[in-house]
Amino acid sequence: LFYNRIIDLLLILKMLIKFVKIMNPTGEHFFKYRGISNLRYLLDILINKRLYAARYDELNDPMEGVYIADRLTANTIGLLRNGKYKTRICSLSKNYNNGLMWSHYAESHKGCCLELSITSRKCTCTEINYTDNMTTIDSHTADVGNILSVKSKNWKYEEEFRYFTEMTYLKINIHKIFLGMRMAKAEATFYKKVIQAIDSNIEVRQINEAEIDFGYI
């Protein structure tokens, strides 16, 4: 009887693990830096629990999707071109306290940073490879993922992870929101009330200067 109960518990545990994997395919927490002045976009994220996935040519690096073709046929180049346009990208970072990211993507420390996990299933996650050399693609490496997962070392500070999908939006769980250190206290209080009125499970707090990595030793 005891043995049967153990077997039953193991089966239940297996089902629970499978359910968790479905709800959160990677199980990892990532971070999205955002401005907050356009409240409509933030509200869309909070209310609909989703993030926009952009085409590669909508991103801020004009070298996205550029590669050196090594003896590829015209047909293969055409397939790669079509694949790039079908693939949408949701860009995230692995840290919440990157000083440059706050400056560049979160309205100079007056915006916010969302700690989140992706729950959509029809997507794949990859870590960006930063390199000194432009990607060379041959018949053995002719894959859209190989093209869109490489960037110049100039972008290394972003510590980027990308989700590839064909959907316009990816569903997310929001775990925490950090408000910028330069945000006025009254504004921080206001945004905290707005966020928690929408979802009281989201932890909201203002980041302080001591937490932020500005690159000094």
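Described below are features of the structure shown in this document.

Reading the values: the criteria
- Residues numbered from 1 in each chain as written.
- Predicted model: local features only at pLDDT ≥ 70, side-chain atom pairs only at ≥ 80, totals over all residues.
- Heavy atoms only, no water.
- Salt bridge = Lys/Arg side-chain N within 4 Å of Asp/Glu carboxyl O.
- Helix = DSSP H or I, 4+ residues; strand = E, 2+ residues; numbered from the N terminus.
- Buried < 20%, exposed > 50% of the residue type's maximum accessible area, 1.4 Å probe, protein only.
- Axes fitted to C-alpha atoms, helices over the stretch in contact; angles between N-to-C directions.
- Left-handed = near helix turned anticlockwise from the far one by under 90°.
- Contact = heavy atoms within 4.5 Å.
- Nonpolar A, V, L, I, M, F, W, Y, C, P; charged D, E, K, R; others polar.
- Core = buried A, V, L, I, M, F, W, Y, C linked by side-chain atoms within 4.5 Å.
- Arc of directions from axis to C-beta.
- Phe/Tyr/Trp six-rings, centres within 6.5 Å; stacked < 30°, edge-to-face > 60°.
- Lys NZ or Arg CZ within 6 Å of the ring centre and 35° of its normal.

1. Focus on the pattern of salt bridges
Counting across every chain of the model gives 14 salt bridges. Of the charged contacts in the structure, one is a salt bridge between Arg162 and Glu64, with a shortest N-O distance of 2.4 Å. A residue pair is termed long-range when its members are at least 10 positions apart, and Arg162 in strand E11 (residues 160-165) and Glu64 in the loop between strand E3 (54-55) and strand E4 (68-69) qualify at 98 residues. By the burial criterion, Arg162 is buried, and Glu64 matches it. A salt bridge links Arg162 to Glu160, with the nearest nitrogen and oxygen atoms 2.5 Å apart.

2. Quick notes on the packing of helix H2 (residues 39-48) against helix H6 (residues 185-198)
At a minimum axis separation of 10 Å, H2 and H6 run at an interaxial angle of 30°. Of the two possible hands of crossing, H2 and H6 adopt the one that is right-handed. Together, Leu39, Leu43, Leu46 and Ile47 of H2 and Tyr191, Val194, Ile195 and Ile198 of H6 make up the contact between the two elements. Looking at the contact of H2 with H6 residue by residue, the class counts come to 8 nonpolar, no polar and no charged.

3. A closer look at the nonpolar core
Counting 27 residues, the largest nonpolar core has Leu92, Ile118, Tyr163, Ile174, Ile177 and Leu179 as the members making the most contacts within it. With 5 residues, strand E12 (residues 169-179) is the single largest residue contributor to this core.

4. A short note on H2
Among the residues making up H2, those that are buried are Leu42, Ile45 and Leu46. The arc that holds every buried residue of H2, seen down its axis, measures 95°, which confines them to one face. Within H2, the exposed residues directed more than 90 degrees away from the buried face are Arg40 and Ile47. For H2, the elements touching its buried residues are strand E1 (30-34), strand E2 (50-52), strand E6 (112-118), E12 and H6. Positive backbone phi, at 50°, marks Lys49, one or two positions downstream of H2.

5. Let's talk about the packing of aromatic side chains
According to the stated counting rule, one finds 8 aromatic pairs in the structure shown. For the pair Tyr52 and Tyr169, a centre-to-centre distance of 5.8 Å together with 65° between the ring planes defines the contact as edge-to-face. Placement of the pair is Tyr52 in strand E2 and Tyr169 in strand E12, with a sequence separation of 117 residues. Judged by relative accessible area, which is 38%, Tyr52 ranks as partly exposed. Through successive ring pairs, a cluster of aromatic residues spans Phe30, Phe161 and Tyr163. Between Arg40 and the ring centre of Tyr41, over which it is positioned, the NZ or CZ distance is 5.3 Å.

6. Structural notes on the environment of Ile128
Relative to the helices and strands, Ile128 resides in the loop between strand E7 (124-127) and strand E8 (129-131). A residue is classified by how much of its surface remains accessible, and Ile128, at 5% relative accessible area, is buried. As a C-alpha pair, Ile128 and Trp155 span 27 residues in sequence and 9.7 Å in three-dimensional space. Not counting the four nearest positions on each side in its chain, Ile128 is found in contact with Leu148, Ser149, Val150, Lys151, Glu160 and Arg162.

That's the geometry; what it means functionally is another story.
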